[in-house]
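Structural description and commentary
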Amino acid sequence: MSTGREPLTYVYAVARRTDRLAVLLAGLRGIDRAPVTLLTEASDSSPAPLAFVTSHVPHEAFNESALRAHFEDLEWLEGVARAHHEVVQAVAAEQTVLPLRMATVYQDDDRARQALGEQRSTFARRMAAVDAHTEYGVKIYLPPPAPAEPPAGAPAAEADPAAPTASPGKAYLQRRRVQHRARERTYEQAQRAAATLDAIAARYAVGRVRHAPQSGALTGPQENVLNDAYLVPDEEARDFRAAVAQAAGDFPEIRIEITGPWAPYSFAMPPAESSAPTEGERAP
């Protein structure tokens, strides 16, 4: 009988069970350097059997209450996300993979096998949908707004001797208006860039997931206004990346960033169930 303190089964992804993949995983380590293994259904006679990519994790760190506390610990999250991502990317380098949400945990291997069997048809459909496709991320960043006042201690700009002298209050309002107009132009350029990216996606991508813009330490002083993921056929990837790079050069006042190739984190489950991966998973 389980004591409730036995190791839990952590699932990184769904993959097709092959001898080659089993050999690859034999040398792979996951969270807490635990061995990574394939967990298959108890009885599966299909020609392309599916398996969970798993490892065991300590109950005291991954039970429900512990996870609630850990999700407030950014250092812990980063370490788990990095290990999760490294396992997923290692499998993705070998074959099509469906990454699962970080911290997908089952009580034991039997419960994980049961879940694999219950969701097998969904996993098989999604696997077919992402075969020979790769995820790319595309983001638009705006530069930080220029300050309305010069930095403390900075020398004042030379004034035009022929120009009438404005009061300090009026001069400040004038600077604010200039700043506001410049910001409006930047947002307009971002809107045009987003429309250009939509047209590029219509040519090359077969799917798009619109994630919430990032903020805080992930973006620094820049403002992230677009954070999209695209599913691109591998045969179109080169042209897709080239088109995005050209668009980036056409809009010099903003920054367009493309990342990838990634395992299809944003497309692993049907659209209603799709979710963005933790950022740390994408930035090893």
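Residues numbered from 1 in each chain as written. Predicted model: local features only at pLDDT ≥ 70, side-chain atom pairs only at ≥ 80, totals over all residues. Heavy atoms only, no water.

Regarding the overall build of the protein chain
Regarding its fold elements, the protein chain presents 9 helices and 8 strands. Looking at the protein chain as a whole, 42% of its 284 residues qualify as buried. Restricting to contacts in the protein chain with at least 6 residues of sequence separation, those with at least 24 account for 77%. Summed over its atoms, the accessible surface of the protein chain is roughly 15,700 Å², and 53% of this surface lies on carbon and sulfur atoms. (Helix = DSSP H or I, 4+ residues; strand = E, 2+ residues; numbered from the N terminus. Buried < 20%, exposed > 50% of the residue type's maximum accessible area, 1.4 Å probe, protein only. Contact = heavy atoms within 4.5 Å. Areas by Shrake-Rupley, 256 points an atom, 1.4 Å probe, with all protein chains shown as cover.)

Considerations on the side chain of asparagine 224
For asparagine 224, the position within the fold is in strand 7 (residues 223–233). Polar side-chain contacts of asparagine 224 include one of 2.8 Å to the backbone oxygen of leucine 226. (Polar contact = N/O pair within 3.5 Å; in protein donor to acceptor, adjacent residues only side chain to side chain.)

Points about the nonpolar core
One recurring pattern in soluble globular proteins is that nonpolar side chains are buried together. Ranked by internal contacts, the top residues of the largest apolar core, which has 28 residues, are Tyr10, Tyr12, Ile31, Val53 and Phe62. Secondary-structure elements contributing two or more residues to this core are strand 1 (8–16), helix 1 (19–26), strand 3 (50–57), helix 2 (59–62), helix 4 (74–92) and strand 4 (97–106). With 8 residues, the single largest contributor to this core is helix 4. Sequence-distant contacts of phenylalanine 62, that is, excluding residues within four places in its chain, are made with Leu8, Tyr10, Ile31, Val57, Leu67, Trp76, Val80 and Val105. Membership of the second largest hydrophobic core comes to 23 residues, among which are Tyr136, Tyr204, Ala205 and Val232. (Core = buried A, V, L, I, M, F, W, Y, C linked by side-chain atoms within 4.5 Å.)

Considerations on the packing of aromatic side chains
According to the stated counting rule, one finds 7 aromatic pairs in the structure shown. Residues phenylalanine 52 and tyrosine 106 carry aromatic rings whose centres are separated by 6.2 Å and whose planes lie at 20° to one another, so their mutual orientation is stacked. In this pair, phenylalanine 52 is assigned in strand 3 and tyrosine 106 in strand 4, connecting sequence segments 54 residues apart. Both rings, one in phenylalanine 52 and one in phenylalanine 123, keep their centres 6.0 Å apart while their planes meet at 70°; by these two values the pair is edge-to-face. (Phe/Tyr/Trp six-rings, centres within 6.5 Å; stacked < 30°, edge-to-face > 60°.)

Some words on the sheet that holds strand 7
Pairing within the open sheet is antiparallel, and its 4 strands lie in the order 6-7-5-8. Strand pairing shows two members of the sheet lacking a second neighbour, strand 6 (207–210) and strand 8 (255–262), which therefore form its edges. Averaged over neighbouring strand pairs, the angle between their axes works out to 20° when direction is ignored. Note that strand 5 (residues 133–142) and strand 7 share 10 bridges and pair antiparallel. Bridging across to strand 7, histidine 133 finds its partner in proline 233. (Pairing = 2+ DSSP bridges. Axes fitted to C-alpha atoms, helices over the stretch in contact; angles between N-to-C directions.)

Considerations on the environment of aspartate 250
Within the fold, aspartate 250 resides in helix 8 (residues 237–250). It is 9.8 Å that separates the C-alpha atoms of aspartate 250 and glutamine 189, two residues lying 61 residues apart in sequence.

What to know about the sheet that holds strand 3
In sheet architecture, strand pairing relies on hydrogen bonds along the backbone and comes in two forms, parallel and antiparallel. Ordered in space as 2-3-1-4, the 4 strands form an open sheet in which the pairing is antiparallel. The sheet terminates laterally at strand 2 (37–40) and strand 4, the two strands that pair on one side only. Strand-to-strand, the axes of this sheet are offset by a mean angle of 30°, without reference to chain direction. Across 4 bridges, strand 2 lies against strand 3 in antiparallel orientation. Bridge pairing links threonine 37 to threonine 54 in strand 3. Those strands touched by helix 6 (residues 120–130) are strand 1, strand 3 and strand 4, and its axis lies near 145° from that of strand 4.

Keep in mind these values describe shape, not function.
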